[in-house]
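Letter by letter, the chains look like this.
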Amino acid sequence: MATLQDIANKLGISKGTVSKALNGASDISESMQKTILETAVELGYTKTRGKKNNKKKLCILIENMDYEEPHHFGYELILGFRQMAEPAGYLVDVVPATPELQKSMPYDVFMLQNHYLGAFVLGFSLSDPWMNDFYRSHTPTVLYDNYIISNPNIAYVGIDNQEGMELAVSHLKELGHEKIGYLSNELGAHIMQVRHKAFFQAMRKHGLEAESNCAGSSYYITQCIENHLSKFLNMGITAIVCSHDLIANAAMIQCQQLGYHVPDDISIVGFDDLPICAHTSPPMTTIRQDRIQIGKSGYYALQSLMNHVSIGTLLLHAKLIIRESTKKVRK
């Protein structure tokens, strides 16, 4: 691991100047700080402990995900992480990782500049600028529902989405459904790609037709419903699995507006078990991921990485929650 002296030697400056720059001293010019930070990252320098009398700092980087209210998807992910990190003596900052922030500096430079020892990363899409930085990052980092290959400093946590999709398709087959469709957001996120692939694998496993026209995806939920739902109904599809609960809820509402009854005419299964699922009309059958436990697992994985235990993937079991949006197919 690179030292302060290594950085100083590389730049031909004093070790004290390097230390001051890394700690944000006001008497070091902005251009010099930038040069020192970038050189530190280039040499693989990372902070391994907090200063004396100061709390060690971690951050939760979040993008494309609501998190401020209890009914928001990210709320419990953050809560679970904090429930483990803060009693262990860490200060946890929640930082919106806007595209502007990501474009303004490399990921490792941001982490070093702000004295973060590691990060839990939520909601990133494959097009986010820092996703490329993660392939070569030296900073211990745990990604929720994203996967980076061959970097021992990066881990992936989530639920077993293959298991979740298997539970959904198996449940529908047990109810007699053979023509099953799949609605999804566009495949611009790793998790959407994983669930899309898992749906077709589960269909084939159960000997069910799995043609490409049985799946539809669009960027916006309204587009997804408008572009694909009526087509599915006209194809004689009797059940639909959705990539997340909000699409499933929109599909139920649209089916009812078109004169179809859920689940008498068509069964619908969501994914995630958001708080709204127990209160939709009808209450939604869905796949639950325990977001509190995922948040805690994010901390466990990050702590392992910071202790040089190179965890790759940590997946929790999925659980089928049966409510009233599915029933036996009409014969």
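Residues numbered from 1 in each chain as written. Predicted model: local features only at pLDDT ≥ 70, side-chain atom pairs only at ≥ 80, totals over all residues. Heavy atoms only, no water.

Enquirer: It is not clear to me how the nonpolar core should be interpreted in this structure. Could you clarify?
Expert: A general feature of soluble globular proteins is that nonpolar side chains tend to end up buried together. Of all hydrophobic cores here, the largest spans 65 residues; its most connected members are L58, F81, L122, L183 and F199. It is helix 12 (residues 291-306) that contributes the most residues to this core, six residues altogether. Discounting chain neighbours no more than four positions away, the residues touching F81 are L58, I60, V92, F120, G295, K296, G298, Y299 and L302. Of all hydrophobic cores here, the second largest spans 35 residues; its members include L22, I28, L37 and M131. (Core = buried A, V, L, I, M, F, W, Y, C linked by side-chain atoms within 4.5 Å. Buried < 20%, exposed > 50% of the residue type's maximum accessible area, 1.4 Å probe, protein only. Helix = DSSP H or I, 4+ residues; strand = E, 2+ residues; numbered from the N terminus. Contact = heavy atoms within 4.5 Å.)

Enquirer: How should I be thinking about the environment of M32 in this particular structure?
Expert: Considering the arrangement of structural elements, one finds M32 in helix 3 (residues 30-42). Considered as a pair, M32 and A21 are eleven residues apart in the sequence and their alpha carbons are 7.6 Å apart.

Enquirer: What exactly am I supposed to notice about the packing of aromatic side chains here?
Expert: How two aromatic rings sit relative to each other is given by the distance of their centres and the angle of their planes. All told, the structure shown has 14 aromatic pairs when counted by the stated rule. Geometrically, the ring pair formed by F110 and Y116 is tilted, given 6.0 Å between the ring centres and 40° between the ring planes. Taking the relative accessible area as the measure of exposure, F110 reaches 6% and is therefore buried. Every member of this aromatic cluster is reached through a ring pair, and the members are Y107, F110, Y116, F124, W130 and F134. A cation sits over an aromatic face here: K56 above Y90, 4.4 Å from the ring centre. (Phe/Tyr/Trp six-rings, centres within 6.5 Å; stacked < 30°, edge-to-face > 60°. Lys NZ or Arg CZ within 6 Å of the ring centre and 35° of its normal.)

Enquirer: What exactly am I supposed to notice about unusual backbone geometry here?
Expert: Glycine aside, negative phi is the norm for most residues, and most peptide bonds take the trans geometry. Residue V262 is joined to P263 through a cis peptide bond whose omega torsion reads 10°. In this fold, P263 is placed in the loop between helix 11 (245-257) and strand 9 (267-269). Cis geometry marks the peptide bond from S281 to P282, where omega comes out at -5°. Positionally, P282 belongs in the loop between strand 9 and strand 10 (286-288). In this structure, S150 takes a positive phi of about 65° despite not being glycine. The exposed category is assigned to S150, whose relative accessible area is 70%. Phi is positive for D273, close to 60°, though the residue is something other than glycine. With respect to the element layout, D273 can be found in the loop between strand 9 and strand 10. On the accessibility criterion, D273 (9% relative accessible area) is buried.

Enquirer: Any chance you could explain the environment of F73 here in plain terms?
Expert: If you trace the backbone, F73 turns up in helix 4 (residues 73-85). For F73, a relative accessible area of 16% gives the class buried. The spacing of F73 and V142 is 69 residues in sequence and 18 Å in space, taken between C-alpha atoms. Apart from residues no more than four positions distant in its own chain, F73 is found in contact with M65, D66, Y144, D272, L274, Q289 and R291.

Enquirer: Can you help me understand the sheet that holds strand 9 in this one?
Expert: As summarised here, the arrangement of the four strands in space is 7-6-8-9, forming an open sheet in which the pairing is parallel. Here the strands that pair on one side only, and so sit at the sheet edges, are strand 7 (215-218) and strand 9. Neighbour to neighbour, the strand axes of the sheet diverge by 20° on average, direction disregarded. Here four bridges tie strand 6 (residues 180-185) to strand 8 (residues 239-242), and the two strands are oriented parallel to one another. Residue pairing across strands places I180 opposite A239, the latter belonging to strand 8. The strands touched by helix 8 (residues 161-174) are strand 6, strand 8 and strand 9; relative to strand 8, the strand with the most contacts, the crossing angle is about 170°. Strands strand 6, strand 7 and strand 8 of the sheet are contacted by helix 9 (residues 190-205), whose axis makes an angle of about 175° with strand 6. (Pairing = 2+ DSSP bridges. Axes fitted to C-alpha atoms, helices over the stretch in contact; angles between N-to-C directions.)

Enquirer: Sorry, what's going on with the side chain of H244 here?
Expert: Residue position: H244 is located in the loop between strand 8 and helix 11. Of the polar contacts made by the side chain of H244, one reaches the side chain of N185; its length is 2.5 Å. Look past the residues within four positions of H244 in its chain and what remains in contact with it is N185, R195, I221, F271 and D272. (Polar contact = N/O pair within 3.5 Å; in protein donor to acceptor, adjacent residues only side chain to side chain.)

Everything listed here is a matter of geometry and, on its own, says nothing about what the molecule does.
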